[in-house]
Amino acid sequence: MKQQQPQPGRVDALLGIVFGDEGKGKVVDVFTPRYDVVARFAGGPNAGHTIIFDGKKFVLRSIPSGIFDTGKLNIIGNGCVIAPDLFMAEARELEAAGYDLRSRLHISTRAHLILPTHRVLDRAYEAAKGKNAVGTTGKGIGPTYAEKASRTGLRVGDILRDFPERYAALKARHEQILRDLHFTDYDIADEEQRWLEGIEYMRQFTLTDTATEINTLLRQGKTVLAEGAQGTMLDIDHGTYPFVSSSNTTTGGVCTGLGVPPTRIGEVYGIFKAYSTRVGAGPFPVELFDATGDRLREIGHEYGAVTGRNRRCGWVDLVALRYAIMVNGVTQLIMMKSDVLDGFDTIRACVAYEKDGVQTTDMPFDTEGWTAVYRDIKGWQEDLSTMTSEEQFPQAFRDYIAFLEAELQTPITILSVGPDRQQTIVR
Ligand code: GDP
Ligand code: IMO
Ligand code: MG
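Reading the values: rules and limits
- Residues numbered from 1 in each chain as written.
- Chains lettered and ligands numbered in written order.
- Predicted model: local features only at pLDDT ≥ 70, side-chain atom pairs only at ≥ 80, totals over all residues.
- Heavy atoms only, no water.
- Donors = N, O, S within 2.8 Å, 3.2 Å for Na, K, Ca; no water.
- Helix = DSSP H or I, 4+ residues; strand = E, 2+ residues; numbered from the N terminus.
- Buried < 20%, exposed > 50% of the residue type's maximum accessible area, 1.4 Å probe, protein only.
- Near = heavy atom within 4 Å.
- Polar contact = N/O pair within 3.5 Å; in protein donor to acceptor, adjacent residues only side chain to side chain.
- Areas by Shrake-Rupley, 256 points an atom, 1.4 Å probe, with all protein chains shown as cover.
- Nonpolar A, V, L, I, M, F, W, Y, C, P; charged D, E, K, R; others polar.
- 1 Å grid on protein atoms, 1.4 Å probe; cavity = no way out; pocket = protein on both sides within 12 Å on 5 of 7 lines; lining within 4 Å.
- Points joined across faces, edges and corners; volume = space filled by probe spheres on them.
- Contact = heavy atoms within 4.5 Å.
- Expected span 1.5 Å × (residues − 1).
- Pairing = 2+ DSSP bridges.
- Axes fitted to C-alpha atoms, helices over the stretch in contact; angles between N-to-C directions.
- Core = buried A, V, L, I, M, F, W, Y, C linked by side-chain atoms within 4.5 Å.

Caption draft 1: Representation of the coordination of the magnesium ion (ligand 3) in the model. Distances from the magnesium ion (ligand 3) to its protein donors, D21 (OD) and G48 (O), fall within 2.1 to 2.2 Å. Note that D21 is positioned in the loop between β1 (11-16) and α1 (24-31) and G48 in the loop between β2 (37-40) and β3 (49-53), a separation of 27 residues in sequence. The class of D21 is partly exposed, set by a relative accessible area of 22%.

Shown next as structure tokens:
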């Protein structure tokens, strides 16, 4: 595979630019050998990043996908939220598989802690929303970020100072809110036990000021890969609000979530699938409710890595992609899962949205009620998954790539044709 070397002293970002699950984990794992540091800057265990190599499969939630390259430093940055019990389970699984984490996984003291009661609040708020529920992952993400913003949260660094008192006070506050909501049908006793065990487990890791650490390394000319979580359409500011997650998943989030200045950002890789998926509720103009949608789900194995829920499927959405390229400053695109489109006579691309006879190519404020306007594209019958170089691609697939590049005005430099590390083609 041809390799583009990162620039010394730069942070490159690899961001999901649609609704998440684009294949970020796979590509971060492929990219890691070129970088000194891999860092997560947003989200928490709502993420599920799948990595497949040598016949083994791992799904990472909070731990960066650079962890399989045993020489590299991995960082969970201040913009992340972390659940100690889930972190412990995830880390132990990796340790059982032979990966030593303690010396090369550092966690920001400024990252916020997800309490068991945050997860109960997540359920309670969802229940209160009724038919307007977001369809969250139930991991307590929203309540934890809300508490960060309202300046009442607990941070990783609090583990190192009068923690029991702080924990008890915050838990009591949550219990009061739950009583006020009349949401009393929960029992966190076992969960809390594991959570407190997770707190002790976390103490064995380097809990530190990762912003200073990263900036020191950058000044020494080291290279950092910022691993996105979720995707631009789930960004709290730029996504399909209120059907979004609760952090900034976009390039700006790299700066705030790691403590690096914008002047340090180098390449911005925008990753998307050759078609679209969305898990959870909210507008999705390209959604297919027919046999084609089922076929994409079936062939693409579109079932959530975290919750196992069916992912909603549709054709690629150029309105969403153009908006995401703009707000992130994407310099290169990575197209994943092209192999899933093998065997379609015709594939389609959404080139505009339409409502009440009006068309737009700009992302509307309210994506509710818009339908997709499509362009038909000739499909291909060949099996892309066995191909190892661009020269082998069928003409129809080349035409699809050229069409997307022209529409998006951004080069697609990497193509993924299967879930394995090896099935990655650099152009
Ligand atoms: P992430 O959250 O962005 O890291 O993506 P997920 O891991 O949630 O979902 C991507 C899914 O697609 C995983 O099951 C991957 O193993 C799989 N995958 C990644 N790239 C490809 C590809 O090019 N082709 C196929 N068929 N599957 C892929
Ligand atoms: P990765 O990193 C896909 C979705 C949830 C829900 C909404 C809010 O694997 O791409 P939350 O639990 O964050 O409050 O849920 O966001 N969501 C994701 N969808 N991939 C993800 O992460 C997601 N993380 C959250 O389904 O609609
Ligand atoms: Mg995922």
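Caption draft 2: Broad picture of the site of ligand 2. Close to ligand 2 lie 21 residues; D21, K24, H49, T137 and S245 are nearest. Separating an oxygen atom of ligand 2 from a backbone N or O atom of G135 is a distance of 3.5 Å. In isolation ligand 2 has 550 Å² of accessible area, and contact with the protein removes 98% of it. Here the shell around ligand 2 is built from residues that sort into eight nonpolar, 10 polar and three charged.

Caption draft 3: Quick peek at empty space enclosed by the protein. One pass over the full model with this rule turns up one cavity of 30 Å³ or more. Of the pockets and cavities examined, the largest cavity occupies roughly 80 Å³. Together, V18, F19, G20, E22, K273, Y275, S276, T277, V316, D317 and L321 line the largest cavity. Considering each element in turn, the lining of the largest cavity owes the most residues, three residues, to strand β12 (residues 275-278). For the lining of the largest cavity, the per-class residue count stands at five nonpolar, three polar and three charged.

Caption draft 4: Broad picture of the side chain of T413. Relative to the helices and strands, T413 resides in strand β18 (residues 412-416). Excluding anything up to four places from it in sequence, T413 contacts Q332, L333, I425, V426 and R427.

Caption draft 5: Just helix α6 (residues 189-202), in detail. Its 14 residues place the ends of α6 20 Å apart at the C-alpha level, agreeing with the 20 Å of an ideal helix rising 1.5 Å per residue. By the burial criterion, the buried members of α6 are E192, W195, G198, I199, Y201 and M202.

Caption draft 6: Main features of the site of ligand 1. By nearness alone, 19 residues border ligand 1, and G23, K24, T50, D339 and S416 come closest of all. G23 is positioned such that a nitrogen or oxygen atom in its backbone is 2.8 Å from an oxygen atom of ligand 1. Taking S416, its side chain carries an N or O atom lying 2.5 Å from an oxygen atom of ligand 1. When ligand 1 sits alone it has 590 Å² of accessible area, and the protein chains cover 92% of it. Of all elements in the fold, only α1 and β3 reach the threshold of two or more residues within the shell around ligand 1. Along the lines of polarity and charge, the residues of the shell around ligand 1 split into five nonpolar, seven polar and seven charged.

Caption draft 7: Spatial organisation of the sheet that holds strand β10 (residues 224-227). A sheet is described by the order of its strands in space; here 10 strands give the open sequence β9-β7-β5-β2-β10-β1-β11-β14-β18-β19, paired in mixed fashion. Two strands in the sheet have a free side with no partner beyond their single neighbour: β9 (206-208) and β19 (424-426). Strand after strand, the sheet turns through a mean of 20° between neighbouring axes, direction not considered. The pairing of β18 with β19 spans three bridges and is classified as antiparallel. By the bridge assignment for β19, I414 is matched with V426.

Caption draft 8: The nonpolar core, seen in detail. Among the nonpolar cores identified, the biggest contains 74 residues, and I17, V254, F272, M335, L341, Y400 and L404 are the most heavily contacted of them. The contact partners of L341, leaving out residues within four places of it in the chain, are A274, Y275, L296, W315, I347, W380 and Y400. Listed in part, the 33 residues of the second largest apolar core include I51, A111, L154 and W195.

Caption draft 9: Inspection of unusual backbone geometry at higher detail. Look at the link from Y241 to P242: it is a cis peptide, with omega at 5°. Summarising the element assignment, P242 is placed in the loop between β10 and α8 (251-258). For D21, which is not glycine, the phi torsion reads 60° and is therefore positive. Its identity is not glycine, yet H182 carries a phi of approximately 55°, on the positive side. Its location among the elements puts H182 in the loop between α5 (163-180) and α6.

Caption draft 10: Main features of the side chain of E22. By the element assignment, E22 lies in the loop between β1 and α1. Relative accessible area serves as the criterion here: at 2%, E22 is assigned to the buried category. Within the structure, E22 has its side chain in polar contact with the side chain of K24 (distance 2.8 Å). Contact partners of E22, with chain neighbours within four places excluded, come to G16, I17, Q230, G231, I271, F272, K273 and M336.

Caption draft 11: Representation of the environment of P261 within the structure. With respect to the helices and strands, P261 occurs in the loop between α8 and β11 (265-273). A relative accessible area of 32% means that P261 is categorised as partly exposed. Between the C-alpha atoms of P261 and T206, which are 55 residues apart in sequence, the distance is 23 Å. Residue contacts for P261: discarding those within four places in its chain leaves N215 and C255.

Structural measurements only, silent on function.
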